[in-house]
Amino acid sequence: MKKSKSKPKTKSKPHTVPAKVHAVPKTKTRNGTIQTIREVFGYLRRYRDQVFVIKIDDSLMDLPLFPLLIRDIVLLHQTGIRIVLVPGAKHSIDTVLQRYSTKTRTVGGVRVTTPEAMPLVKLGASNVSNVLLSLLAENETHGVVGNWVRARAIGVRDGLDYKQTGQVEKVNAALMKGSLDDNLIPIVPNVGWSAIGKDYNLNSGELAVAVAEALGATKLFFVGRDSGIPVVAKAPFAEPAEIQSGVFSNLDREEGGALLKNYPKALEVPARELLSLALKALDGGVQRVHVVNGGRDGVLLQEVFSSAGQGTMLYVNAYDHIHPARTSDIPEILRIMQPYVDEGVLIQRNAEDFSRDLEHYSVYKVDDVLHGCGALTPYGKSTAELSALVVDPAYAGRGTGGKIVEYLLQRARKAGMKKVFLLTTRSSDFFMRLGFNEVPVSTLPPERRKTFNEKRNSRVLATGV
């Protein structure tokens, strides 16, 4: 978390905007469309020449919308995003094994690949790669399947020999980047070879993580049948909107680890595996991991070009999205406040007002899209006011307001504050859930008491830090 550079002031001009998370105002469809267009242009600029690794569940190939999914991947490629595909092949391999009456064992989710089964495993993997190559060609885009992965045997575990089931030893990132430089889409099948040319069956999820780490990918996508990481309602960080939707909208590294540690039985095995893989990728330097349902039309485009998205996004730190406001943030702060100003909930403020008090503001941004803001104004050396807490209606219900409050309380604590207070007319319940309690108006600092608007009859809430 970035340290605040603001210094406590004894005579700081008080904010007249009460701190509150307001009811979502009605917004015009035209304004929403314009903001969406702005977001898309921002993402196009941000992600050009960045590497996205996309792991695709081969069971999606049975769906009628699968060709549209590949077309969307081609669209991403055509915008200048460097795409790498890692197709899963379990469904296809099972089909080939059944066709040739060959059985394999699966222990702990890992297939024991016998020498007799290995040629069929390669056939199943090849079938998936060929489907992808064909669909890419239909969209006038070239893919390439290469021998980029060196593997080694899993060996014997707990007395069981996994035969030709292997694990990734090394990804030849330099060779793969050469294909990307040639404007090709590399396809990385779940088969690797040892230094002496022996082939091994690899777990495609672990392979995708290894490829993403080796290439320094900006994003890793797990595109399958799951809509995201299923929500665990008992988890303290589960938001009401997430509980209603059934999946987590976003999780930071700490929250993901807490799910695996504290609620191991609340998630089914596939969800636990996806979560474990995502956390491993984050630890390996991947910036974002997304779990999305590939059966939904346009899911990848929405996940890439909108900060709302449809699946679960995992990232490293809860406060990665929050930082002190900069001058360049002022137009967006004015934008998200305007609907509340139009309804008479907030007073009109201009860019000059924000420029004067900018050091007190913090903003919540996802991929340069502003979701919310809040201010922390010091009064003396031990007290501060939390004010101007506003969340863009488009992203309400995702816990943004709570995260901004927690961040500002941390800033207050680091600055040596002992108490934080706020004024609110509508959101007492929200702040009380975060640990604030109602206090008399007489407890306000003298400077703030002089500017207290009796007509608004705001409640005063406070908490120790």
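As a starting point, this report considers the structure included with it. (Residues numbered from 1 in each chain as written. Predicted model: local features only at pLDDT ≥ 70, side-chain atom pairs only at ≥ 80, totals over all residues. Heavy atoms only, no water.)

**Points about the overall build of the chain**
Okay, so step 1: Looking only at helices and strands, the chain has 15 helices and 23 strands in total.
Okay, so step 2: Principal-axis analysis of the C-alpha atoms places the extent of the chain at approximately 85 × 50 × 35 Å.
Okay, so step 3: When the 465 residues of the chain are sorted by exposure, 52% land in the buried category.
Okay, so step 4: Excluding contacts between residues fewer than 6 apart, the proportion of contacts in the chain whose partners are at least 24 apart in sequence is 73%.
Okay, so step 5: Surface summary for the chain: the accessible area is close to 21,800 Å², and the carbon and sulfur share equals 50%. (Helix = DSSP H or I, 4+ residues; strand = E, 2+ residues; numbered from the N terminus. Buried < 20%, exposed > 50% of the residue type's maximum accessible area, 1.4 Å probe, protein only. Contact = heavy atoms within 4.5 Å. Areas by Shrake-Rupley, 256 points an atom, 1.4 Å probe, with all protein chains shown as cover.)

**With respect to the pattern of salt bridges**
Okay, so step 1: Tallied over the entire structure, the rule returns 16 salt bridges.
Okay, so step 2: The closest approach of N and O atoms between Asp368 and Arg46, which form a salt bridge, is 2.9 Å. Within this pair, whereas Asp368 is found in the loop between β18 (361–366) and β19 (369–379), its partner Arg46 is found in helix α1 (residues 29–47), the two being separated by 322 residues in sequence.
Okay, so step 3: Residue Arg46 is classed as partly exposed on the basis of its relative accessible area of 32%.
Okay, so step 4: One continuous salt-bridge network, built from bridges that share partners, spans Lys90, Asp94 and Arg111. (Salt bridge = Lys/Arg side-chain N within 4 Å of Asp/Glu carboxyl O.)

**Considering the layout of surface pockets**
Okay, so step 1: Each pocket or cavity is described by its volume, and for the largest pocket that value is around 1,400 Å³.
Okay, so step 2: Of all the secondary structure elements, the ones that give two or more residues to the lining of the largest pocket are α3 (90–99), β3 (105–107), β4 (110–112), β9 (166–171), α6 (204–215), β13 (219–224), α9 (269–283) and β15 (288–293).
Okay, so step 3: Of the residues assigned to the lining of the largest pocket, the class counts are 18 nonpolar, 16 polar and 15 charged. (1 Å grid on protein atoms, 1.4 Å probe; cavity = no way out; pocket = protein on both sides within 12 Å on 5 of 7 lines; lining within 4 Å. Points joined across faces, edges and corners; volume = space filled by probe spheres on them. Nonpolar A, V, L, I, M, F, W, Y, C, P; charged D, E, K, R; others polar.)

**Side note on the pairing of strand β20 (residues 383–391)**
Okay, so step 1: Most of β20 sits inside the fold, with 9 of its 9 residues counted as buried.
Okay, so step 2: With 7 bridges connecting them, β19 and β20 associate as antiparallel partners. If you follow Leu376 over to β20, its bridge partner there is Leu386.
Okay, so step 3: As consecutive antiparallel partners, β19 and β20 are separated by 3 residues, and within that stretch Gly380 has a phi angle of approximately 75 degrees, a positive value.
Okay, so step 4: Here β20 pairs with strand β21 (residues 419–424) via 3 bridges, running parallel. Bridge assignment links Ala384 to a residue of β21, and that residue is Val420.
Okay, so step 5: In this view, the connection linking β20 to its parallel neighbour β21 by way of helix α13 (residues 400–414) has right-handed handedness. (Pairing = 2+ DSSP bridges. Right-handed = clockwise from strand over helix to strand, strands pointing away.)

**Quick look at the packing of α3 against helix α4 (residues 118–138)**
Okay, so step 1: Close contact between α3 and α4 brings their axes to 8 Å; oriented N to C, the two are set at 130 degrees. One way to sum up the angle between α3 and α4 is to call them oblique. For the pair α3 and α4, the crossing hand works out as right-handed. Across the interface between the two elements, Ser92, Ile93, Val96 and Leu97 of α3 pack against Leu120, Val121, Leu123, Gly124, Ala125, Asn127 and Val128 of α4. (Axes fitted to C-alpha atoms, helices over the stretch in contact; angles between N-to-C directions. Parallel < 35°, antiparallel > 145°, perpendicular 65-115°, else oblique. Left-handed = near helix turned anticlockwise from the far one by under 90°.)

**Observations concerning the nonpolar core**
Okay, so step 1: Judged by nonpolar contacts, the single largest core of 48 residues is most densely connected at Leu220, Phe248 and Leu259.
Okay, so step 2: If one sorts the elements of this core by residue count, α9 sits on top with 8 residues.
Okay, so step 3: Not counting chain neighbours up to four residues away, the residues in contact with Leu259 comprise Ile229, Val232, Ala235, Phe237, Phe248, Leu251, Pro264 and Leu275.
Okay, so step 4: Residues Leu135, Ile187, Leu300 and Phe305 belong to the second largest nonpolar core, which totals 29 residues. (Core = buried A, V, L, I, M, F, W, Y, C linked by side-chain atoms within 4.5 Å.)

**A look at the sheet that holds strand β23 (residues 459–464)**
Note on sheets: strands pair through backbone hydrogen bonds, and any given pair is parallel or antiparallel.
Okay, so step 1: Read across the sheet, 7 strands follow the order β17-β18-β19-β20-β21-β23-β22 without closing on themselves; strand pairing throughout is mixed. Both outer strands of the open sheet, β17 (322–324) and β22 (437–439), are each paired with one neighbouring strand and no more. This sheet shows a mean twist of 35 degrees between the axes of neighbouring strands, independent of strand direction.
Okay, so step 2: Sheet topology places β17 next to β18; 3 bridges connect them, and they run antiparallel. Considered in β18, the bridge of Ile322 is made with Tyr364.

**Focus on the environment of Asp392**
Okay, so step 1: Summarising the element assignment, Asp392 is placed in the loop between β20 and α13.
Okay, so step 2: For Asp392, a relative accessible area of 6% corresponds to the buried category.
Okay, so step 3: On a C-alpha basis, the gap between Asp392 and Gln50 in space is 28 Å, while along the polypeptide they are 342 residues apart.
Okay, so step 4: Setting aside residues no more than four positions away along its own chain, Asp392 makes contact with Arg335, Ile336, Leu370 and His371.

**What to know about the pairing of strand β16 (residues 312–315)**
Okay, so step 1: Here β16 shows two buried faces, one formed by Thr312 and Leu314 and the other by Met313 and Tyr315.
Okay, so step 2: Summarising the sheet, strand β14 (residues 250–252) and β16 pair through 3 bridges and their orientation is parallel. Bridged to Asn250 within β16 is Met313.
Okay, so step 3: One ladder, built from 3 bridges, connects β15 with β16; its direction is antiparallel. If you follow Val289 over to β16, its bridge partner there is Leu314.

**Here we look at unusual backbone geometry**
Okay, so step 1: Although it is not a glycine, Ser101 sits at a positive phi angle of roughly 50 degrees.
Okay, so step 2: Mapping Ser101 onto the fold places it in the loop between α3 and β3.
Okay, so step 3: With a phi close to 50 degrees, Asp158 is a non-glycine residue in the positive phi region.
Okay, so step 4: The residue Asp158 is located in the loop between β7 (156–157) and β8 (160–161) in this model.

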